[in-house]
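Residue-level listing of the chains:
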Amino acid sequence: MRASPLPWLLGIGLLVSCTRGDPWAPCREAPVGFSATPPRCETPACRACAAQLDETWRARREPARRAEFRVNFMRASADARDRFVEKTRPDGPFAYEHCTASTVRGASCAGLSATCVDVLARDLRSGDTPVAQRTQMNLAVDRACDAPRRALVGRLATCEPDLGPAGCATHDCRDCTAGHLAALSLLAPTADQADRAEAFAGLVRGTPELVARAIAEVLGAPDAPVDLDPVVVRRGLRAYCVDLLEHSTAPLPFSCHAQVAVLLTHPEYTREFAETWEAMRRAPYASFAAVFDRVLGAVALQPTPSAAVLQQLDRVSPAAAVEGYRRAVLLPGITPAAAAALRERLDRIGNVAPPSAAPPPPTAPSSGASGGGAAA
């Protein structure tokens, strides 16, 4: 009986396979996730893997090679992928997938490369990035080490020196606003942590006024962007409105009125309450007149006005307060206790000359104006 040739053929196949080798083997010699050290493709194996990625990518018009690349890309080591992305700048989702790879087991942070900082800055600033991808990128940045996170925020918050005329209608101003909103979405969720608070405050302080006003209008609109977490909207709006109150000489954006009034009338928000009153005392009358009337309108409706709010009112410049008191005591719905408290203060400062530009009469706040997420 003739022996079957099958074992011999299998042996030849194995021999050929072993001789040819696996071209993707060098890609398996390092972790696919990021460590605390930024990717550096310095070993022969890494360079061979990057070359294999590049060769397969260039042949992607062939369906088999395109499938081969897709199967092997995210199995390759992080340092080889980074070298490939930096050199080739591939279209499609590959750069995003690479830069959002989670940290390797045991690493305390992800040492993102300058390449990934570029990729994330571009996609986070873009209005075309899907919400799911934006969320994943925010998570990747949260896991990043301090240095690349600072570099990314700095890139997002960099603006053209000339933002154009009043109003944020130019391309440069809109682009700058998008970048600051993206940076805000990275920093605001952790702004209550001691080691992250300064970065958040620094972003707000460093925002050009035109951009800050545009951001306040975006965050305070009824249809705030759906890709912004509610925590980002609440903390961002509060921070920008208080910063504008403290540093701007122009009236606050309308979207800030209810937000700032809530902070000024709720002593339970201890730190924000004190900081916002301090900002208002330093601000010019024109910038806070409408908010001040709103505060007095809220006080006028209280059966027993808050002692903490009355104490803060007593520290406001008499010249700034006198006209507000005069209008507030005439409100039709004022309570007896509030009327007595405000009249007593008006009698005390009644001969003070008011500012030249008097604001419109105060209106009692609506039920929706006393909410607004003042708490973090």
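So, a few notes on the structure that sits alongside this text. (Residues numbered from 1 in each chain as written. Predicted model: local features only at pLDDT ≥ 70, side-chain atom pairs only at ≥ 80, totals over all residues. Heavy atoms only, no water.)

**Brief notes about the overall build of the protein**
Turning to step 1, where the next piece is worked out: Within the protein one finds 18 helices and zero strands.
Turning to step 2, where the next piece is worked out: Within the protein, the proportion of its 376 residues that are buried is 45%.
Turning to step 3, where the next piece is worked out: Considering only residue pairs separated by 6 or more positions, the protein has 73% of its internal contacts joining residues 24 or more positions apart.
Turning to step 4, where the next piece is worked out: Carbon and sulfur atoms form 57% of the exposed surface of the protein, whose accessible area is close to 18900 Å². (Helix = DSSP H or I, 4+ residues; strand = E, 2+ residues; numbered from the N terminus. Buried < 20%, exposed > 50% of the residue type's maximum accessible area, 1.4 Å probe, protein only. Contact = heavy atoms within 4.5 Å. Areas by Shrake-Rupley, 256 points an atom, 1.4 Å probe, with all protein chains shown as cover.)

**Looking at the packing of aromatic side chains**
Turning to step 1, where the next piece is worked out: Tallied over the entire structure, the rule returns 12 aromatic pairs.
Turning to step 2, where the next piece is worked out: Here Phe73 and Phe84 contribute two aromatic rings whose centre-to-centre distance is 6.0 Å and whose plane-to-plane angle is 65°, an arrangement assigned as edge-to-face. In this pair, Phe73 sits in helix α3 (residues 63-73) while Phe84 sits in helix α4 (residues 78-88), placing the two residues 11 residues apart along the sequence.
Turning to step 3, where the next piece is worked out: Taking the relative accessible area as the measure of exposure, Phe84 reaches 2% and is therefore buried.
Turning to step 4, where the next piece is worked out: Between Phe73 and Phe94 the ring centres are 5.4 Å apart and the planes differ by 75°, which places this aromatic pair in the edge-to-face class. Taken together, the residues span a long stretch of sequence, with Phe73 in helix α3 and Phe94 in helix α5 (residues 94-99) at a distance of 21 residues. (Phe/Tyr/Trp six-rings, centres within 6.5 Å; stacked < 30°, edge-to-face > 60°.)

**Section: the state of the cysteines**
Turning to step 1, where the next piece is worked out: One pass over the structure, following the stated rule, counts seven disulfides.
Turning to step 2, where the next piece is worked out: Linked covalently through their sulfurs, Cys27 and Cys49 form a disulfide whose S-S length is 2.0 Å. In this structure, the disulfide formed by Cys27 and Cys49 twists by about 105° around the S-S bond and is classed as right-handed. With Cys27 in the loop between α1 (6-20) and α2 (44-58) and Cys49 in helix α2, this pair connects stretches of sequence that are 22 residues apart. Of the two residues, Cys27 and Cys49, both sit in the buried class.
Turning to step 3, where the next piece is worked out: Cys109 shares a disulfide with Cys145; S-S distance 1.9 Å. Between Cys109 and Cys145 the sulfur-sulfur dihedral comes to about 80°; the bridge is accordingly right-handed. In this pair, Cys109 is assigned in the loop between α5 and α6 (114-125) and Cys145 in the loop between α7 (131-142) and α8 (146-156), connecting sequence segments 36 residues apart. Neither Cys109 nor Cys145 differs from the other in exposure class; each is buried. (Disulfide = S-S within 2.5 Å.)

**Brief notes about the pattern of salt bridges**
Turning to step 1, where the next piece is worked out: Inspection of every chain in the model, using the stated rule, returns 26 salt bridges.
Turning to step 2, where the next piece is worked out: With a shortest N-O distance of 3.5 Å, Asp192 and Arg235 are connected by a salt bridge. Here Asp192 is found in the loop between α9 (171-187) and α10 (194-205), whereas its partner Arg235 is found in helix α12 (residues 230-247), with 43 residues between them in sequence.
Turning to step 3, where the next piece is worked out: We classify Asp192 as exposed; its relative accessible area is 56%.
Turning to step 4, where the next piece is worked out: When the shortest N-O distance is used, the salt bridge between Asp314 and Arg348 registers 3.6 Å. Here the residue Asp314 occupies a position in the loop between α16 (307-313) and α17 (318-328), and Arg348 occupies one in helix α18 (residues 336-349), the gap between them amounting to 34 residues.
Turning to step 5, where the next piece is worked out: Overall, Arg348 belongs to the partly exposed group, its relative accessible area being 47%.
Turning to step 6, where the next piece is worked out: Three or more residues are tied together by salt bridges with common partners; here these are Glu246, Glu278, Arg281, Arg282 and Arg315. (Salt bridge = Lys/Arg side-chain N within 4 Å of Asp/Glu carboxyl O.)

**Some thoughts on the environment of Asp142**
Turning to step 1, where the next piece is worked out: Take Asp142: it is sitting in helix α7.
Turning to step 2, where the next piece is worked out: Sequence spacing of Asp142 and Ala110 is 32 residues, and the spatial spacing of their C-alpha atoms is 9.1 Å.
Turning to step 3, where the next piece is worked out: Other than its neighbours up to four places away in sequence, Asp142 contacts Arg149, Thr190 and Arg196.

**Quick word on the environment of Ala101**
Turning to step 1, where the next piece is worked out: Following the sequence through the fold, Ala101 ends up in the loop between α5 and α6.
Turning to step 2, where the next piece is worked out: Exposure remark for Ala101: the relative accessible area of 14% places this residue in the buried category.
Turning to step 3, where the next piece is worked out: With sequence-adjacent residues up to four places away left out, Ala101 is seen in contact with Val32, Phe34, Met74 and Arg81.

**Some thoughts on α18**
Turning to step 1, where the next piece is worked out: In a regular helix each residue adds 1.5 Å, so 14 residues correspond to 20 Å; α18 covers 20 Å between its end C-alpha atoms and thus fits that length.
Turning to step 2, where the next piece is worked out: Within α18, the full set of buried residues consists of Ala338, Ala339, Ala341, Leu342, Arg345, Leu346 and Ile349. Along α18, the residues classed as buried sweep out an arc of 165° about the axis, all on the same side. Along α18, exposed side chains directed more than 90 degrees from the buried face belong to Pro336 and Asp347. (Expected span 1.5 Å × (residues − 1). Arc of directions from axis to C-beta.)

**Thoughts on unusual backbone geometry**
The phi torsion of most residues other than glycine is negative, and most of the peptide bonds are trans.
Turning to step 1, where the next piece is worked out: Its identity as a non-glycine residue notwithstanding, Arg89 has a phi of 50°, on the positive side.
Turning to step 2, where the next piece is worked out: Among the structural elements, Arg89 can be located in the loop between α4 and α5.

**As for the packing of helix α13 (residues 254-265) against helix α15 (residues 285-300)**
Turning to step 1, where the next piece is worked out: Where α13 contacts α15, the two axes come as close as 9 Å, and the packing angle between them is 50°. With respect to each other, α13 and α15 are oriented oblique. When you trace α13 past α15, the crossing you get is right-handed. Seen from α13, the contacting residues are His257, Ala258, Val260, Ala261, Leu264 and Thr265; seen from α15, they are Ala290, Val291, Arg294, Val295 and Ala298.
Turning to step 2, where the next piece is worked out: Here the residues of the contact of α13 with α15 sort into eight nonpolar, two polar and one charged. (Axes fitted to C-alpha atoms, helices over the stretch in contact; angles between N-to-C directions. Parallel < 35°, antiparallel > 145°, perpendicular 65-115°, else oblique. Left-handed = near helix turned anticlockwise from the far one by under 90°. Nonpolar A, V, L, I, M, F, W, Y, C, P; charged D, E, K, R; others polar.)

Any functional reading would require information beyond the geometric quantities listed.
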